[in-house]
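Here is what each chain is made of, one letter per residue.
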Amino acid sequence: MGGAKVCVIDTRLSNTASKADYWLSTWPGSEAAALLAICNALLREHLYVRAFVRRRVNWEEFLREEHPGRSCDFDTFIAVLKEIYAEFTPEFAERESGASAATIVEVAREAARAGSALSTHVWRNAAAGNLGGWQVSRALELIAVLTGAVATPGGTAPS
């Protein structure tokens, strides 16, 4: 009611989903595909908060340990992230999850608009109800990191 946008990723039409601006009724176990496609869109459209990611992510250590042959600078890190998440396109997520590719991109743009005020929550159905379900939490937290919404007013509190 105060202008916030709500997105629910849930197979069920819950009370929350019925009032959400966006309801992605994904197939059970495919939530991470939709979330990683949102990450892909944030990276591809340069919608991530560069200063936050540069300051708060251990990108230098990551490049040194995982990509020792690559230049150890932030632009290389972003290029590597884009390579890692390249397969998780909105179209891939639509095939995998049943959620519309266009809606996935729209949700990514809304997350970017929310910026550091993006607030996220994982409910047990996705995280505990499927093999590897906690990957949903990891994918969702990457969205919070890319939007600069970790330990910020209105954002996600890591503790």
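The structure contained in this document is the topic of the report that follows. Bear in mind that the values here come from a model prediction, so they are computed numbers and not experimental data. (Residues numbered from 1 in each chain as written. Predicted model: local features only at pLDDT ≥ 70, side-chain atom pairs only at ≥ 80, totals over all residues. Heavy atoms only, no water.)

Considerations on the overall build of the protein
- A tally of helices and strands in the protein yields 9 helices and 2 strands.
- Listing each helix as α and each strand as β along the protein from the N terminus yields β-α-β-α-α-α-α-α-α-α-α.
- Relative to a compact globule of 159 residues, whose C-alpha radius of gyration would be 15 Å, the protein shows 16 Å and is just as compact.
- The principal-axis extents of the C-alpha atoms in the protein amount to approximately 50 × 35 × 30 Å.
- Counting across all 159 residues of the protein, residues that qualify as buried make up 42%.
- By element, 53% of the accessible surface of the protein is carried by carbon and sulfur atoms, the whole surface being about 9,000 Å².
- Separation between the mean location of the 16 positive side-chain charges and that of the 18 negative ones in the protein comes to 5 Å. (Helix = DSSP H or I, 4+ residues; strand = E, 2+ residues; numbered from the N terminus. Rg over C-alpha atoms; globule rule 2.2 N^0.38 Å. Buried < 20%, exposed > 50% of the residue type's maximum accessible area, 1.4 Å probe, protein only. Areas by Shrake-Rupley, 256 points an atom, 1.4 Å probe, with all protein chains shown as cover. Lys, Arg positive; Asp, Glu negative; His and termini not counted. Charge placed at Lys NZ, Arg CZ, Asp CG, Glu CD.)

Some words on the packing of aromatic side chains
- For the structure shown, the criterion picks out 6 aromatic pairs.
- Here the aromatic rings of W59 and F77 are separated by 6.5 Å at their centres, their planes lie at 35°, and the arrangement is tilted. Highlighted residues: W59 in helix 4 (residues 59-66) and F77 in helix 5 (residues 74-84), separated in sequence by 18 residues.
- By relative accessible area, which is 7% here, W59 ends up buried.
- Pairing Y85 with F88 gives two aromatic rings, centres 6.3 Å apart and planes at 45°, and the pair type is tilted.
- For F88, a relative accessible area of 17% gives the class buried.
- Of the aromatic side chains, those joined through ring pairs into one cluster are W59, F62, F74 and F77. (Phe/Tyr/Trp six-rings, centres within 6.5 Å; stacked < 30°, edge-to-face > 60°.)

Let's talk about the packing of helix 4 against helix 5
- At a minimum axis separation of 10 Å, helix 4 and helix 5 run at an interaxial angle of 65°. Here helix 5 runs roughly perpendicular to helix 4, going by the angle between their axes. As for the relative orientation of helix 4 and helix 5, their crossing is left-handed in sense. From helix 4, W59, F62 and L63 reach across to helix 5, where they touch F74, T76, F77, V80 and I84. (Axes fitted to C-alpha atoms, helices over the stretch in contact; angles between N-to-C directions. Parallel < 35°, antiparallel > 145°, perpendicular 65-115°, else oblique. Left-handed = near helix turned anticlockwise from the far one by under 90°. Contact = heavy atoms within 4.5 Å.)

Quick word on unusual backbone geometry
- You will see that H46, though not glycine, has its phi angle at about 55°, which is positive.
- Position of H46 among the secondary structure elements: in the loop between helix 2 (31-44) and helix 3 (50-56).
- The backbone of A151 shows a phi angle near 60°, a positive value even though the residue is not glycine.

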